[in-house]
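# Observations on chain architecture
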Amino acid sequence: MVKQYISAVLEDLIGEYVVNISKDKIKLAALKGKIKLEDVELDGDFIGSHVLGAVGLQGFGVLSCSAKALQINIPWANLDEPTVMEIHGMHLLCVPLLPTTATR
């Protein structure tokens, strides 16, 4: 029941980055502020538009993107500190875009 609730909350919070959050893939230490998702599919459009551009790889499209683990650390003791998301074992399948579609 708790995992189902946390799965719904996570869908609202990180649904932009992670596709199809499954409660079976969630490991919790919620009181310690640690939530871990395993074998997750990341949103390739988001990764392509934000991450690739930030590292200077414009002109590529992401066909698929997955990660072995996504860890979220929530600083319950001091909520003024940032919540940190760590991606481990990310796999990107990228293709070069045609010059006419590279800016879309």
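Shown above is the structure to which this text applies.
Residues numbered from 1 in each chain as written. Predicted model: local features only at pLDDT ≥ 70, side-chain atom pairs only at ≥ 80, totals over all residues. Heavy atoms only, no water.

### Here we look at the pairing of strand E4 (residues 60-73)
Inspection of the sheet shows strand E3 (residues 34-42) paired to E4 by seven bridges, in the antiparallel sense. The residue of E4 that forms the bridge with Val40 is Ala67. Note: E4 against strand E5 (residues 84-96), 12 bridges, orientation antiparallel. Within the sheet, the bridge partner assigned to Asn73 lies in E5 and is Val84. (Pairing = 2+ DSSP bridges. Helix = DSSP H or I, 4+ residues; strand = E, 2+ residues; numbered from the N terminus.)

### Concerning the environment of His88
When you line up the elements, His88 lands in strand E5. Residue His88 is classed as partly exposed on the basis of its relative accessible area, which comes to 37%. As a C-alpha pair, His88 and Ala67 span 21 residues in sequence and 6.1 Å in three-dimensional space. (Buried < 20%, exposed > 50% of the residue type's maximum accessible area, 1.4 Å probe, protein only.)

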